[in-house]
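Here are the chains, one letter per residue:
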Amino acid sequence: MQAGDSSAPGLTIVLADDHTVVRSALRMLLEAEPDFEVVAEAGTADDAIRYIRGHKPDVLILDLNMPGRPSLDAIPEILEVSPGTSVVILTMRNEPAFARQALSAGVRGYVLKEAADAELVQAVRSAAAGETYLQPSLGARLAADNGSRGGALSDRETEIVKLIALGHTNGEIAEQLFLSIRTVESHRANIQSKLKLNGRAELVRYALDQGLVGA
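Residues numbered from 1 in each chain as written. Predicted model: local features only at pLDDT ≥ 70, side-chain atom pairs only at ≥ 80, totals over all residues. Heavy atoms only, no water.

Colleague: I tried to follow the confidence of the model for the protein chain on my own but got confused; where do I start?
Modeller: Reading fine detail from the predicted coordinates is not recommended where pLDDT is low. Looking at the protein chain, the pLDDT average stands at 85 and 89% of residues meet or exceed 70. No element of the protein chain has a lower mean pLDDT than helix α6 (residues 136–148), which averages 62, and none a higher one than strand β3 (residues 59–62), which averages 97. Every residue in residues 1–8 scores below 50 in pLDDT, and together they form five contacts with partners more than four places removed in sequence or on other chains. (pLDDT = per-residue confidence, 0-100. Helix = DSSP H or I, 4+ residues; strand = E, 2+ residues; numbered from the N terminus. Contact = heavy atoms within 4.5 Å.)

Colleague: Is there a simple way to think about the sheet that holds strand β1 (residues 11–16) in this case?
Modeller: Within a sheet, neighbouring strands are paired by backbone hydrogen bonds and run either parallel or antiparallel to one another. Read across the sheet, six strands follow the order β2-β1-β3-β4-β5-β6 without closing on themselves; strand pairing throughout is parallel. The two strands at the open ends of the sheet, each matched to only one other strand, are β2 (36–42) and β6 (133–134). Of the pairings in the sheet, the one linking strand β4 (residues 86–91) to strand β5 (residues 109–112) comprises four bridges and is parallel in character. Looking at the pairing, valine 88 lines up with glycine 109 of β5. Against the sheet, helix α4 (residues 96–105) contacts β4, β5 and β6, and its axis sits at roughly 155° relative to β5. (Pairing = 2+ DSSP bridges. Axes fitted to C-alpha atoms, helices over the stretch in contact; angles between N-to-C directions.)

Colleague: I keep staring at the pairing of β5 and nothing clicks. Help me out?
Modeller: Here is the key point about a regular strand: its side chains alternate between the two faces of the sheet. Here β5 shows no split at all, with Gly109 and Val111 on one side and Tyr110 and Leu112 on the other all buried. With two bridges connecting them, β5 and β6 associate as parallel partners. The residue of β6 that forms the bridge with glycine 109 is tyrosine 133. Note that the unit made of β5, helix α5 (residues 116–128) and β6 has a crossover that is left-handed. (Buried < 20%, exposed > 50% of the residue type's maximum accessible area, 1.4 Å probe, protein only. Right-handed = clockwise from strand over helix to strand, strands pointing away.)

Colleague: What exactly am I supposed to notice about the side chain of glutamate 157 here?
Modeller: With respect to the helices, strands and loops of the structure, glutamate 157 is situated in helix α7 (residues 155–165). The exposure class assigned to glutamate 157 is buried, which follows from its relative accessible area of 5%. Among residues more than four places away in sequence, those in contact with glutamate 157 are Ala152, His187, Asn190, Ile191 and Lys194.

Colleague: Where do I start with the pattern of salt bridges in this structure?
Modeller: Should their charged atoms come close, side chains of opposite charge can pair. Counted by the stated rule, this structure contains 13 salt bridges. We note a salt bridge from arginine 69 to aspartate 46, for which the minimum N-O separation is 3.2 Å. Of the two residues, arginine 69 sits in the loop between β3 and α3 (71–81) while aspartate 46 sits in helix α2 (residues 45–55), which places them 23 residues apart along the sequence. The partly exposed category is assigned to arginine 69, whose relative accessible area is 28%. Overall, aspartate 46 belongs to the partly exposed group, its relative accessible area being 41%. (Salt bridge = Lys/Arg side-chain N within 4 Å of Asp/Glu carboxyl O.)

Colleague: What should I look at first to understand the pairing of β3 in this one?
Modeller: Residues Val59 and Ile61 line one face of β3 and the alternating positions Leu60 and Leu62 line the opposite face, and both faces are buried. Bridging between β1 and β3 involves four bridges; their strand directions are parallel. Bridge pairing links valine 14 to leucine 60 in β3. Of the pairings in the sheet, the one linking β3 to β4 comprises four bridges and is parallel in character. Looking at the pairing, leucine 62 lines up with isoleucine 89 of β4. The parallel pair β3 and β4 is bridged by α3, and the resulting crossover is right-handed.

Colleague: Sorry, what's going on with the packing of α7 against helix α9 (residues 181–195) here?
Modeller: When two helices pack together, their arrangement is given by the angle between the helix axes and the distance between those axes. Taken N-terminus to C-terminus, the directions of α7 and α9 make an angle of 95°; their axes are 10 Å apart at the nearest point. The angle between the axes of α7 and α9 places the two elements in the roughly perpendicular class. Only His187, Arg188, Asn190, Ile191 and Lys194 of α9 make contact with α7, whose side of the interface consists of Arg156, Glu157, Ile160, Val161 and Ile164. Here the residues of the contact of α7 with α9 are counted per class, giving four nonpolar, two polar and four charged. (Parallel < 35°, antiparallel > 145°, perpendicular 65-115°, else oblique. Nonpolar A, V, L, I, M, F, W, Y, C, P; charged D, E, K, R; others polar.)

As structure tokens, then:
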């Protein structure tokens, strides 16, 4: 953004991705727009929250897969810290369950990294205007998935709900069940999508209500 440009207010952005090279490329893409300004870069969800608290940006671009705290779990706190900030997810995760969970948590946009060049600028503008932007190719898959998905949990998903309710992290669950962390994350997204629940607290309440764990 040009310092002397007073024709329109600038659109401020915090960029959260754990890969420095990716952040650099995204910054170049975004700041090619004359009214876009990347005010901070973060490598974890907790760093993103700290920068959002300080900058109160118009838009946060958030990668789903970063070290530390899961990005999806951080979204409620992000929106509480800065209600005026719209969140756009930029990720390689193309499973409809992740998109559904993110949208249910309150994000305004969901874009796959493979389409960032074509889709990200429009997603940011839509989110800043209070509109929802879902990458068209993913939107079609989401609609099809909505028509085919049932509400009952599998035995594996029920087991994972129990462990979540007992306070285990995704990494601990993966170790106990001999699964990869990514597989556990996928199961967790599917569970929350099926049950229409957001976050660990609601999963714990569900487990208690169903008698999966003791009160």
